[in-house]
Amino acid sequence: MEVAISSALLARIRAEAASSRDEICGLLFGALDRIDAAEPCRNVAADPRRRFEIESVALLAAHRAARAGGPRLVGCYHSHPSGDAIPSARDAADAEPNGWLWLIVGAGGARLFRTVQGGALHGRFDEVIASQR
Ligand SMILES: [Zn+2]
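Residues numbered from 1 in each chain as written. Predicted model: local features only at pLDDT ≥ 70, side-chain atom pairs only at ≥ 80, totals over all residues.

Chemist: Which residues make up the sheet that holds strand β7 (residues 123-132), and what values go with them?
Modeler: Strands sit in the order β1-β3-β2-β4-β5-β6-β7 around a closed barrel of seven strands; the barrel is mixed. The sheet shows a mean angle of 40° between the axes of neighbouring strands, direction not considered. Of the strands in this sheet, β2 (25-31), β3 (34-41) and β4 (73-84) are in contact with helix α2 (residues 56-67), which crosses β4 at around 150°. (Pairing = 2+ DSSP bridges. Helix = DSSP H or I, 4+ residues; strand = E, 2+ residues; numbered from the N terminus. Axes fitted to C-alpha atoms, helices over the stretch in contact; angles between N-to-C directions. Contact = placed C-beta atoms within 7 Å.)

Following this line, the structure appears as structure tokens:
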């Protein structure tokens, strides 16, 4: 399945990643086959150069807003400042197999994955095609 994302939104996330030596992170909103919006979040990981952890207050607020009829939370994004745009073993350990989209920005650009049970990568992620609109 393809997931549509606007090239402007993708460019914004890539610029955010390029501006930081730490991993940047945020939340993605839209539908199962479409990313409509992204919200940058604070990376509260103890070692933000090598890990990311989205601030729980931002996550809770997004869930609450979605329940109240706001944009649907469909995934997250983060960067690998000195690595490839593929999920690490650490990412796989942190990811729930809940169908979330994970957008990763790294060397060579941005790639998109979905968290699934028994995925092709680390048993947790399947890559999906991001079609730019
Ligand atoms: Zn990662």
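Moving on, there is more to tell.
Chemist: Run through the nonpolar core, naming residues and quoting values.
Modeler: Ranked by internal contacts, the top residues of the largest apolar core, which has 28 residues, are L28, L101, W102 and L103. At the level of secondary structure, the elements contributing two or more residues to this core comprise β1 (2-5), α1 (7-18), β2, β3, β4, β5 (101-107), β6 (109-119) and β7. If you tally residues by element for this core, the top one is β5, at five residues. Those residues in contact with L101 that lie beyond four places of it in its chain are V3, L28, I35, V74, G75, L112 and R114. (Core = buried A, V, L, I, M, F, W, Y, C linked by C-beta atoms within 7 Å. Buried ≥ 20, exposed ≤ 12 C-beta atoms within 10 Å, placed from the backbone.)

Chemist: Could you give me a rundown of α2, with the residues and numbers involved?
Modeler: Taking 1.5 Å per residue as the helical rise, α2 with its 12 residues ought to reach 16 Å, and the 17 Å between its terminal C-alpha atoms agrees with that figure. Phi for G69, located one or two positions after α2, is positive at around 100°. (Expected span 1.5 Å × (residues − 1).)

Chemist: Let's hear about the pairing of β3: which residues, and what values?
Modeler: Pairing of β1 with β3 involves two bridges; the strand directions are parallel. By the bridge assignment for β3, A4 is matched with R34. Relative to β3, β2 runs antiparallel, the two being bridged by seven bridges. The partner of G30 across the bridge, within β3, is I35. Between the antiparallel neighbours β2 and β3 lie two residues.

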